[in-house]
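One-letter residues, chain by chain:
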Amino acid sequence: MSVVEKPDDAACHIPWLRMMISTGGTVHVCCYNVRPLGHVPPQTFEEVWEGDEFNALRKSIVDQTFDRGCTDSCPIVSSRGILKSSISSSGLHYERR
Ligand code: SF4
């Protein structure tokens, strides 16, 4: 398994930086996208991170279809990719591409 490559100009960097895991073990990419990407356990972190669901989400970011659970509540989706994301110790940030 491997991770879909991220282009430098990707509209969103989050699927290459982090995952969210609920207390029940369900994995999501971010707070705007609740589509399950896996479950830990029985899957391992690596199996989810490199799995088909996570990579399909990454592809939807690369081709800007945003059709794998990304919703208009996300500033990147509602701007149709005009914004890009970054993440720092103070949180998730958006700026014009
Ligand atoms: S585009 Fe928005 S909803 Fe989709 S992964 Fe990035 S931050 Fe989350």
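See the structure above.
Residues numbered from 1 in each chain as written. Predicted model: local features only at pLDDT ≥ 70, side-chain atom pairs only at ≥ 80, totals over all residues.

Colleague: Report on the overall build of the chain, specifying residues and quantitative values.
Modeller: The secondary structure content of the chain amounts to three helices and five strands. Taking 13 Å as the expected radius of gyration for a compact globule of 97 residues, we find that the chain reaches 13 Å, a close match to that expectation. Each of the three principal axes of the chain carries a C-alpha extent, and together these read 40 × 25 × 25 Å. Per-residue burial over the chain gives 22% buried out of 97 residues. In the chain, 42% of the contacts between residues at least 6 apart in sequence involve partners at least 24 apart. (Helix = DSSP H or I, 4+ residues; strand = E, 2+ residues; numbered from the N terminus. Rg over C-alpha atoms; globule rule 2.2 N^0.38 Å. Buried ≥ 20, exposed ≤ 12 C-beta atoms within 10 Å, placed from the backbone. Contact = placed C-beta atoms within 7 Å.)

Colleague: Explain the sheet that holds strand E1 (residues 20-21) to me, using residue names and the numbers behind them.
Modeller: Pairing within the open sheet is antiparallel, and its three strands lie in the order E1-E2-E3. On the outer flanks of this sheet lie E1 and strand E3 (38-39), each paired with one strand and no other. Bridging between E1 and strand E2 (residues 26-28) involves two bridges; their strand directions are antiparallel. Directly across from Ile-21, in E2, lies its bridge partner Val-27. (Pairing = 2+ DSSP bridges.)

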